[in-house]
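Below are the chains, spelled out letter by letter.
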Amino acid sequence: MNFDFSDDQKFLKEEARKFLAARCTSAVTRGVLNDDAKPFDRDLWQAIVDMGWTGAAIPEEFGGLGLGHVELCAIAEELGRVVAPIPFASAIYVFAEAVMKIASSAQKAALLPGVVAGAIIGCLATSDGPGPVSADRTTAELTNGRITGTKLPVTDGDIATHAIVLARSDAGPGLYLVDLAAEGVARERIETLDPTRSAARLSFQAAPCEPLGTEGEGAALLSGILDRAAVLFAFEQVGGADRCLDMAKTYALERYAFGRVIAGYQAIKHKLADMYVKTELARSSSYYGAWALASDAAELPEAAAAARIAASAAYDFAAKENVQTHGGMGFTWEVDCHLHLRRARQLALALGGPPVWRERLIRRLELRNAA
Amino acid sequence: MDFNDSPTEAAYRAAARAWLDTNAPLAAGERASPSDEAAHLREGKAWQACKADAGFACITWPRDWGGGGGTPIEQVIFDQEEARHGRSYPFFNIGLGMCVPTVMAFADDATKQRFVRPAARGDEIWCQLFSEPAAGSDVAASRTRAVRAEDGTGDWIVDGQKVWTSGAHYCDYGIVIVRTDPDVPKHKGLTMFWVDMTSPGIDVRPIHQASGGSDFNEVYFTGVRIPDSQRLGEVGRGWNVALVTLMNERLAVGGGSGTNWPELLALARATPGLGDGPASEDGGLRERIADWYVAAEGLKLTRYRAMTALSRGETPGPESSIGKIVSANQMQELSREALDRLDQFGIIVDPGNAAIQHTWFWGGALRIAGGTDEILKNIIAERVLGLPLDIRVDRDVAFKDIPRGA
């Protein structure tokens, strides 16, 4: 049984934590939060590119470090811990993974080196508006090989260079790669609950595109992309939840009420114990997701869904109870609790919300039990 | 990251599996029903002796004491393989997991020579006599009294009542914590003994549980004479001895069982739902089953993390302390949901409902047994997260002066 990070992976994680503690302080995150003109922190992004993290799981032939997915998971946990205000999730968990999994050799060669260099930032444009994404219901359409339609919201859509767009062609729903600098693309930055991550409305008017993977198989392709990204998102969520627990603990040990620190009251002790339990369960499920992702296991869909459900719940819970533990201070702009409250929502919704993932999971379980 | 055995572990698993394949199978007709306790106990004792003779009982204990001389990960591997044969028996866990290790830690050599090996073989079974009617979570509040006999033998005379003693009616020996000095604060006036359960003055009576069954006992002590040679640790140091016993309790009590998500999913498919289709099409239920699957998997995977620590020769981290809180609550909630979905039919005592109703009762019991939810959360808060201890108003007060209610 070897169900944990290896010593090398733990070392990488420790180094990542130290690096981010120095380079991604709350002031850095707040620099993006407080400045509407600043969609992400370019200095931090460049520093992370220089560290090679954008290429952690990308093979060396494309300029990456070729370490592996468990290493990328370790990095993700640390990025989640510090609420990093950069487009790493869109560019790496979603776009780089999608390209590696389903793109043609030519597309990989054209895109991956740029992804590693931080010059190509991809995003996922699937949402047509309120309600779950559905390949069958998507309104964007392909006419004469060009896309027309609107996607809202698209995380990092305002700063990305490329988008993976869900659209219908005569063959059925498919995924299409769009160079966002091309004609027929309009973007409008939108406000979200989490201003430390940027988002946009993308409008395509006969925009040029190329298929990513087989046309007509958009539902299955998207599902595969979401499974891979869900594991990496889960690690960010676990990192965030762990940080919330840490913040709540630190505050509870400092704050006096009724003549003693509030950490001594069972109402607070049990709340923090609940945060710990949820976070550790989510961590275990995320490890399993990491294993399934790294080994391309047939169990990936269930493992990814379980990791995502557990980690979304753990981060949402930890973030709100961290606010509660801080009392009135927790509801001020100046205290960092709301950074996590916001990011927990952003991460929980960006790949499809918990109800969607529960339904994905139970369908898999029904198939498994029927077999 | 993988789930594979190391080469040494794989070799051990292969040896365990081969031995089990030869020795474990019982013909269908030979197997005792757990509801026939006497027959089930006979079968369990025979199996325990068979394992001990082959070095597969108490695998981490030294061979000289009747154990297997192995490692914790080998014990886990053997347990996994044994479970595949359905040959685990509930009779030995508390004695071998908690009581006998306490004896091994505190008794003299002659006592260990006499008792450890027979316990490992299942020839003699031990129970733990700690809880009392007024000492549950606060087990250090034990009131069962021991005073020196007036005849100058140095023997102790014990009077009082223990409760929730699993297996007292079939156990041969027990370890019992008693109050030897009520004039000092509660933790300082306790002493631990081992006791022969056939001693005159011991009266074992079954508890009639809320669920209707009787799986535990009350044990009354009336003038029970215990020689001083049966003392474990020093007079007045019984709490320190008890801590050694209790360290193992959460492991011995173990995780949940019974109706879980696969059974609920199967029930949902076979039961009409709110619309025209089966209950498995009801969105609310689907979401809950998904959550319970996630929690059950999370617990299993958390155990794998503990196993990984053992496999690396490390002590498992604090994450292993969360199991019972999650599993007991899930048993209670999931089985309640199953009865909800059966609707009016769910109230009937019916063979088809029996397993669900059993899980429903026992989820509630497991939230209390072996450390309540509340005590376990305190343990996580204090030992894992390092938060302050609760205020204890009785800590520095002579036991006899502590308020005790009705």
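**Q** Would you mind going over the overall build of chain A with me for this structure?
**A** Assigned secondary structure in chain A consists of eleven helices and ten strands. Taking 371 residues into account, the globule formula puts the C-alpha radius of gyration at 21 Å, and chain A, at 20 Å, falls close to it. Overall, the C-alpha framework of chain A stretches about 75 × 50 × 40 Å when taken along its three principal axes. Looking at chain A as a whole, 56% of its 371 residues are labelled buried. Of the contacts formed within chain A by residues at least 6 apart in sequence, a portion of 74% connects residues at least 24 apart.

**Q** Even after reading the chapter, I still don't get the overall build of chain B, so can you show me in this structure?
**A** If you tally the helices and strands in chain B, you get twelve helices and eight strands. In terms of overall size, chain B behaves like a compact globule, its C-alpha atoms giving a radius of gyration of 23 Å where 406 residues would be expected to give roughly 22 Å. For chain B, the C-alpha atoms occupy an extent of roughly 80 × 55 × 45 Å along the three principal directions. Burial analysis of chain B (406 residues in total) assigns 38% to the buried set.

**Q** Please explain the environment of alanine 248 of chain A as it appears in this structure.
**A** Residues and elements named next belong to chain A. Residue placement: alanine 248 occurs in helix α7 (residues 218–254). Given 26 C-beta atoms within 10 Å, alanine 248 falls into the buried group. Between the C-alpha atom of alanine 248 and that of asparagine 322, which follows or precedes it by 74 residues, the distance is 5.2 Å.

**Q** Help me understand the pairing of strand β7 (residues 199–208) of chain A in this model?
**A** All names here are of chain A. Here strand β3 (residues 146–155) runs beside β7; their pairing, made up of seven bridges, is antiparallel. In the strand pairing of β7, isoleucine 147 is matched with alanine 207. The pairing of strand β6 (residues 185–189) with β7 spans five bridges and is classified as antiparallel. Within β7, the residue paired with glutamate 188 across the bridge is arginine 201.

**Q** Any chance you could explain the interface of chain A and chain B here in plain terms?
**A** Often, the extent of an interface is quoted as the loss of accessible area on bringing the components together. Counting from both sides, the interface comprises 35 residues of chain A and, opposite them, 37 residues of chain B. Of the residues forming the side of chain A that touches chain B, the biggest block, 16 residues, is contributed by helix α8 (residues 266–294) of chain A. Looking at the side of chain A that touches chain B residue by residue, the classes come out as 22 nonpolar, seven polar and six charged.

**Q** Mind showing me how you'd approach the pairing of strand β4 (residues 162–169) of chain A here?
**A** The side chains of a regular strand alternate between both faces of the sheet. Residue and element names in this part refer to chain A. β4 sits mainly inside the fold: seven of its eight residues count as buried. Of the strand pairs in this sheet, strand β1 (residues 122–125) and β4 are connected by four bridges, and their pairing is parallel. Each bridged residue has a counterpart across the sheet, and for glycine 122 the counterpart in β4 is histidine 162. In terms of strand pairing, β4 meets strand β5 (residues 172–179) through eight bridges, oriented antiparallel. Its bridge partner lying in β5, valine 165 is registered against tyrosine 176. Where β4 folds back onto β5 in an antiparallel hairpin, the turn is made up of two residues.

**Q** Even after reading the chapter, I still don't get helix α10 (residues 323–342) of chain B, so can you show me in this structure?
**A** Every α-helix carries 3.6 residues per turn, so stepping three or four residues along brings you back to the same face. All names here are of chain B. Over its 20 residues, α10 extends 28 Å from the first C-alpha to the last, a length consistent with the 28 Å expected when each residue adds 1.5 Å. With 14 of 20 residues buried, α10 is to be regarded as a mostly interior element. Immediately beyond the C-terminal end of α10, within one or two residues, lies aspartate 343, with a positive phi of roughly 60°.

**Q** Mind showing me how you'd approach the domain arrangement of chain B here?
**A** When its domains are assigned, chain B resolves into domain 1 (7–89), domain 2 (126–250) and domain 3 (254–370). Summarising the inter-unit geometry, the C-alpha centres of domain 1 of chain B and domain 3 of chain B are found 27 Å apart.

**Q** Is there a simple way to explain the packing of helix α4 (residues 93–106) of chain B against helix α6 (residues 238–247) of chain B in this structure?
**A** Angle between the axes and distance between the axes are the two parameters that describe a pair of packed helices. Residues and elements named next belong to chain B. Running from N to C, α4 and α6 point in directions that differ by 135°, and their axes come no closer than 8 Å. Here α4 lies oblique to α6, going by the angle between them. Seen along the crossing, α4 lies across α6 with a hand that is right-handed. Facing Met98, Cys99, Thr102, Ala105 and Phe106 of α4, the residues of α6 in contact are Val241, Val244 and Thr245.

**Q** Which parts of the structure should I look at to understand the nonpolar core?
**A** One recurring pattern in soluble globular proteins: nonpolar side chains tend to sit buried together. Residues and elements named next belong to chain A. Among the nonpolar cores identified, the biggest contains 225 residues, and Val165 and Leu272 are the most heavily contacted of them. When residues of this core are assigned to their parent elements, the largest contribution, 19 residues, is made by α7. With residues up to four places along the chain from it excluded, the contact list for valine 165 reads Ala125, Ala140, Ile147, Lys151, Tyr176, Val178, Phe204 and Cys209.

**Q** I keep staring at the packing of helix α3 (residues 72–84) of chain B against helix α9 (residues 283–311) of chain B and nothing clicks. Help me out?
**A** Residue and element names in this part refer to chain B. α9 packs onto α3 with a crossing angle of 135° between their chain directions and a minimal axis gap of 8 Å. With respect to their mutual orientation, α3 and α9 come out oblique. Residues Pro72, Ile73 and Val76 of α3 form the contact with α9, whose participating residues are Met307, Leu310 and Ser311. Along the lines of polarity and charge, the residues of the contact of α3 with α9 split into five nonpolar, one polar and no charged.

**Q** How should the domain arrangement of chain A be read in this particular structure?
**A** All names here are of chain A. Split by domain assignment, chain A resolves into domain 1 (7–119), domain 2 (123–216) and domain 3 (219–370). Averaged C-alpha coordinates put domain 1 and domain 2 at centres separated by 22 Å. Contact with domain 1, which involves 15 residues of that partner, is made by 16 residues of domain 2. Secondary-structure elements contributing two or more residues to the side of domain 1 that touches domain 2 are α2 (26–33) and α5 (88–102). In terms of residue count, the dominant contributor to the side of domain 1 that touches domain 2 is α5 (five residues). Residue composition of the side of domain 1 that touches domain 2, by class: twelve nonpolar, three polar and no charged.

**Q** Just checking my understanding: could you explain the environment of isoleucine 102 of chain A for this structure?
**A** All names here are of chain A. Considering the arrangement of structural elements, one finds isoleucine 102 in helix α5. Its 21 C-beta neighbours within 10 Å are what place isoleucine 102 among the buried residues. When sequence neighbours within four positions are dropped, the list of residues in contact with isoleucine 102 reads Leu212, Gly213 and Leu221.

**Q** Just to check I follow, could you spell out helix α4 (residues 69–81) of chain A for this structure?
**A** Residues and elements named next belong to chain A. For α4, built from 13 residues, the straight-helix expectation of 18 Å at 1.5 Å per residue is met to within 8% by its first-to-last C-alpha distance of 18 Å. For α4, the buried fraction is high: 13 of the 13 residues fall into the buried class. Phi for valine 83, located one or two positions after α4, is positive at around 50°.

**Q** Can you walk me through the confidence of the model for chain B in this structure?
**A** All names here are of chain B. In the predicted model, chain B carries a mean pLDDT of 93, and the fraction of residues at 70 or more is 97%. Throughout residues 250–254 the model reports pLDDT below 50, and contacts reaching past four residues in sequence, or to other chains, amount to twelve contacts. Interface confidence for the predicted complex, given as ipTM, is 0.94, next to a pTM of 0.94.

**Q** Could you clarify how one ought to interpret the environment of valine 133 of chain A in this entry?
**A** All names here are of chain A. Turning to its location among the elements, valine 133 is positioned in the loop between β1 and β2 (141–143). When the 19 C-beta atoms within 10 Å are taken as the criterion, valine 133 is described as partly exposed. Placed 218 residues apart in sequence, valine 133 and leucine 351 show a C-alpha to C-alpha distance of 9.3 Å. For valine 133, the residues in contact, after removing those within four places along its chain, are Thr126, Ser127 and Gly352.

**Q** It is not clear to me how unusual backbone geometry should be interpreted in this structure. Could you clarify?
**A** Note: most residues except glycine have negative phi, and most peptide bonds are trans. Proline 153 of chain A follows leucine 152 of chain A through a cis peptide bond whose omega is -10°. Inspection of the secondary structure puts proline 153 of chain A in strand β3. Positioned with a positive phi, alanine 206 of chain A is a non-glycine residue whose angle comes to about 55°. On the secondary structure map, alanine 206 of chain A appears in strand β7. Of the residues examined, alanine 206 of chain A has 14 C-beta atoms within 10 Å and is grouped as partly exposed. Its identity is not glycine, yet cysteine 58 of chain B carries a phi of approximately 45°, on the positive side. Taking the number of C-beta atoms within 10 Å as the measure of exposure, cysteine 58 of chain B has 28 and is therefore buried.

The rules we used
- Residues numbered from 1 in each chain as written.
- Chains lettered and ligands numbered in written order.
- Predicted model: local features only at pLDDT ≥ 70, side-chain atom pairs only at ≥ 80, totals over all residues.
- Helix = DSSP H or I, 4+ residues; strand = E, 2+ residues; numbered from the N terminus.
- Rg over C-alpha atoms; globule rule 2.2 N^0.38 Å.
- Buried ≥ 20, exposed ≤ 12 C-beta atoms within 10 Å, placed from the backbone.
- Contact = placed C-beta atoms within 7 Å.
- Pairing = 2+ DSSP bridges.
- Nonpolar A, V, L, I, M, F, W, Y, C, P; charged D, E, K, R; others polar.
- Expected span 1.5 Å × (residues − 1).
- Domains from an automatic or database assignment.
- Axes fitted to C-alpha atoms, helices over the stretch in contact; angles between N-to-C directions.
- Parallel < 35°, antiparallel > 145°, perpendicular 65-115°, else oblique.
- Left-handed = near helix turned anticlockwise from the far one by under 90°.
- Core = buried A, V, L, I, M, F, W, Y, C linked by C-beta atoms within 7 Å.
- pLDDT = per-residue confidence, 0-100.

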